[in-house]
Structures are given as C-alpha cells and as structure tokens.
Amino acid sequence: VLFRSVEYVWPSPDAQFLNLTDLRVDEKRPAKFTVRNIGKYDVKLKFQPRKKLAELMPPEWIKYAETLEAGKETEVEVCVLCDRALERRDEKLYLQVVEAASGVNVPTGPPPIRVEILARYNEVACTPPRGINFGALPIGEADPSKTTRTFTLHNCGDFEFDWEFYHVGGHVPPLEVK
C-alpha cells in the first residue's frame, strides 16, 4: 500500500497555498507550483477543484503531466478568471493520486491545496468630480482662459492601466496632457 507518495513544492518557501489576491476582474491569471513524486512507484495525478472554485478555474485550465514517474516532478499551471469582483479565502483544489500500474487510489494523498482569490476593479478619481462646465461660449471663441479647464485624473486603485482622451467631433485640437 502506498502512503505518502507526492508533495507540493511552492515557488517560495513561505508560500504554502495558491495566492491569487492581486487579480483584476476579467483577467485570466496563471499560477504555478510543482508536484514531486517522492514514492517508489509511478503515479497518475488528477486535480479536481471544489464546485465553487470550478466556476473560476475549470479543470481544462489546469495543465500538468498526468503520469508522474517515481522521483520526478512536474510543473502545474492553473488559471483563474473572475467576471466580477469577489473575495474567496478558503477554496480547495484537490489532488487525487492513483498508483499507475495497479490503478489503486493512494489512500493518504496530499492535503487539498488552499486557494485564495481576490479579484478587484481598478479605481479612478477625477477632480473636479462633477464634470467640467465651460458655460456659454460664442462660436469661434479664442480666449484660452474661457476655453481651457484643468482637471486631475488619479489612479486610486492597485493596478496600472492605459487611458486616452478622444474627440468626438474630430476638428478639435489634441488635449494637452501633463
């Protein structure tokens, strides 16, 4: 009977779980770790996310070698995609280990992998906060003090992002961005 046959090897010594806490909404993010066969026999691996986790991490997004030879290791890549902001602290990813030659389930396989997910939208603040009003302007007004307004766009979130201004009419000169 096989007892302890595989172990997890994490990217850093202090990480003992899959940490996906810096995820943007609608961003497909991979995470990697290694599974090492420390037993005497070849084994087959099968990862199974718990039901709620399977919505964010379908089984086909978990990439790994299904058969793992004795003394060897394989890199596992999982991908997560959240379509809304959410926080999940105690999701589980299970690993079923089967002895390759006999097909017997390893009774004391590795513990489930804890998965933490925090998906957020980015936050942007615009000052002044309530729109920019030019008031009534005569057509062709050239006085810059009446046709220029200053505002600040501030990234209050955790993620960098690209942005741009565009003109609907097409005949307006480009905005000056400082």
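Look above for the structure.
To start, this report covers the structure provided alongside it. (Residues numbered from 1 in each chain as written. Predicted model: local features only at pLDDT ≥ 70, side-chain atom pairs only at ≥ 80, totals over all residues. Heavy atoms only, no water.)

## Digging into the overall build of the chain
Tallying secondary structure elements over the chain gives two helices and eleven strands in all. Across the 178 residues of the chain, 28% fall into the buried class. Intrachain contacts of the chain at a sequence separation of at least 6 include 72% that bridge at least 24 residues. Of the roughly 12,200 Å² of accessible surface on the chain, a fraction of 51% belongs to carbon and sulfur atoms. (Helix = DSSP H or I, 4+ residues; strand = E, 2+ residues; numbered from the N terminus. Buried < 20%, exposed > 50% of the residue type's maximum accessible area, 1.4 Å probe, protein only. Contact = heavy atoms within 4.5 Å. Areas by Shrake-Rupley, 256 points an atom, 1.4 Å probe, with all protein chains shown as cover.)

## A short note on the pairing of strand β3 (residues 29–37)
Direction of pairing for strand β1 (residues 6–9) relative to β3: antiparallel, over a ladder of four bridges. If you follow Tyr 8 over to β3, its bridge partner there is Val 35. As paired strands, β3 and strand β7 (residues 73–80) are joined by eight bridges and run antiparallel to one another. Each bridged residue has a counterpart across the sheet, and for Val 35 the counterpart in β7 is Thr 74. (Pairing = 2+ DSSP bridges.)

## Side note on the environment of Arg 36
The topology assignment puts Arg 36 in strand β3. Overall, Arg 36 belongs to the partly exposed group, its relative accessible area being 29%. With 28 residues separating them in the primary sequence, Arg 36 and Tyr 8 have C-alpha atoms 6.3 Å apart.

## Concerning the packing of aromatic side chains
One pair of aromatic rings is described through two measures. These are the centre distance and the angle between the planes. Going through the model one piece at a time under the given rule, you end up with five aromatic pairs. Here the aromatic rings of Phe 33 and Phe 47 are separated by 6.1 Å at their centres, their planes lie at 80°, and the arrangement is edge-to-face. Of this pair, Phe 33 sits in strand β3 while Phe 47 sits in strand β4 (residues 43–49), and the two are 14 residues apart along the sequence. Above the face of the Trp 61 ring, Lys 28 is positioned so that its terminal group lies 4.1 Å from the ring centre. Above the plane of the ring of Phe 17 lies Arg 114, whose end atom (NZ or CZ) is 4.1 Å from the centre. (Phe/Tyr/Trp six-rings, centres within 6.5 Å; stacked < 30°, edge-to-face > 60°. Lys NZ or Arg CZ within 6 Å of the ring centre and 35° of its normal.)

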